[in-house]
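Take a look at the letters that make up each chain.
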Amino acid sequence: MDFYNVIENRTSVKDFTNTPVNKEKLSRMINAAMRAPSWKNNTSYKMILVNNKNEKDRLSETIMNDTDSAKNALKSAPMAMIVVADPSESGIMADREYYLVDSAVAMEHFVLAATNEGYGTCWIGALDEDRVRDILNIPKEYRVVAMTPIGEIQQTPTHHHKKDVTEHVFLNNWGSSYTLND
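In short, a report on the structure.

Rules and cut-offs
Residues numbered from 1 in each chain as written. Predicted model: local features only at pLDDT ≥ 70, side-chain atom pairs only at ≥ 80, totals over all residues. Heavy atoms only, no water. Helix = DSSP H or I, 4+ residues; strand = E, 2+ residues; numbered from the N terminus. Rg over C-alpha atoms; globule rule 2.2 N^0.38 Å. Pairing = 2+ DSSP bridges. Axes fitted to C-alpha atoms, helices over the stretch in contact; angles between N-to-C directions. Salt bridge = Lys/Arg side-chain N within 4 Å of Asp/Glu carboxyl O. Buried < 20%, exposed > 50% of the residue type's maximum accessible area, 1.4 Å probe, protein only. Phe/Tyr/Trp six-rings, centres within 6.5 Å; stacked < 30°, edge-to-face > 60°. Parallel < 35°, antiparallel > 145°, perpendicular 65-115°, else oblique. Left-handed = near helix turned anticlockwise from the far one by under 90°. Contact = heavy atoms within 4.5 Å.

## Things to note about the overall build of the chain
Okay, so step 1: In terms of regular secondary structure, the chain is built from seven helices and six strands.
Okay, so step 2: Going residue by residue from the N terminus, the α and β elements of the chain occur as α-α-β-α-α-β-β-β-α-β-α-β-α.
Okay, so step 3: On C-alpha atoms alone, the chain measures out to a radius of gyration of 17 Å, which is about the 16 Å that the 2.2 N^0.38 rule sets for 182 residues.
Okay, so step 4: Here the C-alpha coordinates of the chain stretch approximately 55 × 40 × 35 Å along the principal axes.

The following block contains the structure:
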């Protein structure tokens, strides 16, 4: 798939088939994540793949949001990926902890690669970190950053409306809207 088509087609998927994730495709998705840039080329993050139904069900109960859609997505998907990171393996500058950036970039590479491979994902960041850590036996020095279900799409959701460039992109200074004609 063309890179820009991948971006256009990526959306949060919450309805999956139970078909297992293909190992070759999964390998390419992992490789994409591992190629993500990071603070001083340190890789502070680790990925945990979960295909055990009992573990996915337990993880779904750690999700903290107003609806059950993300919980149900994690339960129904054949696999989940959880990204965790050790803050001491990354940097801090101007009170910004870059392990979060490192993990987010790796997660985004994974999500885009999954889209390219024909799989759906749904970025989940509202979770009970301590419960996830306990379920997956994650060492205390690691922070749980996010998780996503992974699987073949059962039903393609509608995309959100495209964001208005003039509201989100400025040229030369704050408030000076950039237009596609500039």
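## Comments concerning the sheet that holds strand 5 (residues 119–121)
Okay, so step 1: Spatially, four strands are ordered 1-2-6-5 in an open sheet, and the strand pairing comes out antiparallel. Two strands close off the open sheet at either side, each with one partner strand: strand 1 (45–50) and strand 5. For this sheet the average axis-to-axis angle between neighbouring strands, irrespective of direction, equals 25 degrees.
Okay, so step 2: Judged from the three bridges that link them, strand 5 and strand 6 (residues 143–152) form a sheet pairing that is antiparallel. The residue bridging Tyr119 from the neighbouring strand is Glu152, located in strand 6.

## Examining the pattern of salt bridges
Okay, so step 1: Here the structure, examined in full by the defined rule, presents seven salt bridges.
Okay, so step 2: Among the salt bridges present, the one from Arg28 reaches Glu117, with a minimum N-O distance of 2.7 Å. A residue pair is termed long-range when its members are at least 10 positions apart, and Arg28 in helix 2 (residues 23–34) and Glu117 in the loop between helix 5 (98–116) and strand 5 qualify at 89 residues.
Okay, so step 3: Linking Asp57 and Lys53 is a salt bridge whose minimum nitrogen-to-oxygen distance equals 3.1 Å. Remark: Lys53 and Asp57 occur in helix 3 (residues 53–60); sequence separation between them is four residues, near one turn of the helix.
Okay, so step 4: We classify Asp57 as partly exposed; its relative accessible area is 22%.
Okay, so step 5: Lys53 sits in the exposed class, given a relative accessible area of 51%.
Okay, so step 6: Taken together, the shared-partner salt bridges connect Glu129, Asp130, Arg133 and Arg143 into one network.

## Comments concerning the packing of aromatic side chains
Okay, so step 1: Taken as a whole and judged by the stated rule, the model has three aromatic pairs.
Okay, so step 2: On the numbers, 5.3 Å between centres and 80 degrees between planes, the contact of Phe3 with Tyr4 is edge-to-face.
Okay, so step 3: With 5.0 Å between their ring centres and 35 degrees between their planes, Trp39 and Tyr98 make a pair best called tilted. With Trp39 in the loop between helix 2 and strand 1 and Tyr98 in helix 5, this pair connects stretches of sequence that are 59 residues apart.
Okay, so step 4: Residue Tyr98 is classed as partly exposed on the basis of its relative accessible area, which comes to 21%.

## A closer look at the packing of helix 3 against helix 6 (residues 129–136)
Okay, so step 1: Following both chains from N to C, one finds helix 3 and helix 6 inclined at 165 degrees, their axes separated by 10 Å at the closest point. In terms of their interaxial angle, helix 3 and helix 6 are classed as roughly antiparallel. The two elements helix 3 and helix 6 cross, and the hand of that crossing is right-handed. Where helix 3 approaches helix 6, its residues Glu55, Arg58 and Leu59 are matched on the opposing element by Val132, Ile135 and Leu136.

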